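Overview (structure and organization)
So you can see what is in the structure, the chains are spelled out below.
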Amino acid sequence: MDLHLERVELREIQLPLKAPFETSFGRVARRRILLVKVFDRSGMAGYGECVAAEGPFYNHETIDTAWLMTTKYIVPLLEAAQIRCAAQVRHALAPIRENRMAKAGLEAAIWDLEAKIAEQPLWRYVGGTRAEIACGVSIGLQDSTEALLETVSREIESGYQRIKIKIKPGRDASLVEAVRRRFPHITLSVDANAAYSLVTDCPLFTRLDDFGLLMIEQPLAPGDLLDHARLQRGLETSICLDESIVNLANAQHAQELGACRIINIKLGRVGGYAEAKDIQAFAEAHGMPVWCGGMLEAGIGRAHNIALSTLSGFTLPGDVSASARYWEQDIIEPPVSVSRTGTITAPAGPGIGFEVNEEFVDDLTVRRDAARFG
């Protein structure tokens with residue numbers, strides 16, 4: 001089957017969160033989101049969502065740099081390469097250094113398009129093996145310990161199989177201790193988003209090691225695999241790497257050094273399905289569980305995360321939670337929902353398996369652009 005790409009449409013939408021989401025690097029109340037829609041000459045269209053944030057604090061990319069990269073470099077390179085399938089996108093875009101979130105937005109749209117043309121669900125088309133995925137939840141920093149405990153209680157009642165709380169210096173061990181004391185048997189992990197240093201924070205990690213955590217996610221700087229390896233050797237708790245793993249080579253080096261025991265794979269962070277599949281296959285071959293992290297996606301990105309999470313190596317509950325946790329109204333129909341047992345059923349329809357509410361997207365759009373192939 002050959003693709004014949006005709007044009008790409010970009011939109012920026014602005015979607016307010018139901019409640020602000022705070023991490024160690026900032027607080028978000030409204031998401032600026034770059035949506036990508038790619039058309040084939042057959043008239044069919046595929047959708048992707050670039051997960052780059054408004055500011056360069058999670059990584060170097062922003063929605064504005066991703067917009068520029070897509071229009072000025074990514075689309076022209078794809079046009080010159082005359083790609084005929086989604087698997088060729090990674091090679092066609094290889095001359096562009098980094099900027100993986102920008103690449104992933106368009107690559108995901110092309111995978112969705114190709115799966116629709118093949119009349120297959122995207123999750124099955126990319127090699128997924130499970131029709132139901134286990135879900136965890138990520139809880140941002142709250143205004144008080146009591147507010148955190150109330151939120152954790154609510155999410156446990158909703159059925160989520162793993163609770164993850166964000167931490168940062170000054171707001172860490174006491175929060176974990178409070179949650180563990182109130183909920184002694186839940187599967188609990190923490191996410192530091194690279195906020196700590198091995199030089200100054202060893203006592204904190206020793207204390208966290210006492211709380212029976214599933215993992216400590218990305219405690220140190222993204223590029224510092226050596227310090228993560230030193231830290232992991234001294235802990236019973238598994239370290240999970242997120243920001244540190246942007247390609248297969250990073251995963252290989254982390255495994256060889258013993259820098260982590262678990263990997264969080266985010267489609268945007270690693271540049272798309274091709275790289276994500278390589279990382280999960282490597283991790284699976286070396287006995288390292290992986291899971292799918294979240295980036296406050298709207299429905300299109302959430303649908304792609306569901307597809308990714310069906311791959312065989314994704315054995316831990318990910319951050320793929322219900323649309324209603326974040327949005328009063330999502331941009332897809334039906335919205336993503338989670339069962340009372342903390343699972344999501346992969347959709348049966350072709351492509352991402354959800355319908356995009358184009359009228360609602362129009363209402364949310366603050367800028368748009370388009371480019372043609374050929």
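See the structure above.
Residues numbered from 1 in each chain as written. Predicted model: local features only at pLDDT ≥ 70, side-chain atom pairs only at ≥ 80, totals over all residues. Heavy atoms only, no water.

Attention now goes to the sheet that holds strand β7 (residues 188-191). On the basis of which strands lie adjacent, the open sheet formed by seven strands has the order β5-β6-β7-β8-β9-β10-β11 and parallel pairing. Sheet topology places β5 (137-139) and β11 (290-292) at the edges, where each strand pairs with a single neighbour. One ladder, built from two bridges, connects β7 with strand β8 (residues 216-217); its direction is parallel. In the sheet register, V190 faces β8, and the bridge partner there is I216. Here helix α6 (residues 173-182) sits on the sheet and contacts β6 (163-166) and β7; the angle it forms with β7, its principal contact strand, is near 165 degrees. (Pairing = 2+ DSSP bridges. Helix = DSSP H or I, 4+ residues; strand = E, 2+ residues; numbered from the N terminus. Contact = heavy atoms within 4.5 Å. Axes fitted to C-alpha atoms, helices over the stretch in contact; angles between N-to-C directions.)

Further remarks concern helix α11 (residues 273-285). For α11, built from 13 residues, the straight-helix expectation of 18 Å at 1.5 Å per residue is met to within 8% by its first-to-last C-alpha distance of 18 Å. Turning to α11, its buried residues are Y273, A274, E275, A276, I279, Q280, F282 and A283. G287 sits one or two positions beyond α11 and adopts a positive phi of about 70 degrees. (Expected span 1.5 Å × (residues − 1). Buried < 20%, exposed > 50% of the residue type's maximum accessible area, 1.4 Å probe, protein only.)

This next bit is on the nonpolar core. Core analysis: the biggest nonpolar cluster contains 124 residues, and L78, I110 and I331 have the highest contact counts within it. Residues contacting I331, with those up to four places away along its chain left out, are I13, L35, A298, G299, I300, E355, V356, N357, F360, V361 and L364. (Core = buried A, V, L, I, M, F, W, Y, C linked by side-chain atoms within 4.5 Å.)

The residue R11 is located in strand β1 (residues 5-23) in this model. A relative accessible area of 13% means that R11 is categorised as buried. A polar contact of 2.7 Å, which involves the side chain of R11, links it to the side chain of D362. A polar atom in the side chain of R11 sits 3.0 Å from the side chain of T365. Contacts of R11, omitting those with residues within four sequence positions, involve I33, L34, L35, W67, V361, D362, T365, R367 and R368. (Polar contact = N/O pair within 3.5 Å; in protein donor to acceptor, adjacent residues only side chain to side chain.)

Within a regular beta strand, the side chains point alternately toward one face of the sheet and then the other, so they alternate between its two faces. Residue alternation in β7 divides its side chains into two sets, L188 and V190 and S189 and D191, and both sets are buried. For the segment spanning β6, α6 and β7, crossover handedness is right-handed. (Right-handed = clockwise from strand over helix to strand, strands pointing away.)

The next subject is the packing of aromatic side chains. Tallying each qualifying case throughout the model produces four aromatic pairs. With a centroid separation of 6.1 Å and an interplanar angle of 70 degrees, the aromatic rings of W111 and Y125 are classed as edge-to-face. Of this pair, W111 sits in helix α3 (residues 100-117) while Y125 sits in helix α4 (residues 122-125), placing them 14 residues apart in sequence. On the basis of relative accessible area, W111 is assigned to the buried category, the value being 9%. Taking 6.3 Å as the distance between ring centres and 45 degrees as the angle between the ring planes, the aromatic pair formed by Y326 and W327 counts as tilted. Among the residues examined, W327 registers a relative accessible area of 3% and is labelled buried. Cation over ring: R7 sits above F39, and NZ or CZ is 3.6 Å from the ring centre. Across the ring face of Y326, the terminal group of R325 is positioned such that the distance to the ring centre comes to 4.9 Å. (Phe/Tyr/Trp six-rings, centres within 6.5 Å; stacked < 30°, edge-to-face > 60°. Lys NZ or Arg CZ within 6 Å of the ring centre and 35° of its normal.)

Our next topic: the pairing of β1. In the sheet, β1 pairs with strand β2 (residues 26-40) via 14 bridges, with the strands oriented antiparallel. Following the sheet pairing, P16 is matched in β2 by R30. Of the strand pairs in this sheet, β1 and strand β15 (residues 365-372) are connected by seven bridges, and their pairing is antiparallel. Within the sheet, the bridge partner assigned to L10 lies in β15 and is D369.

Geometric values such as these leave the question of function open.
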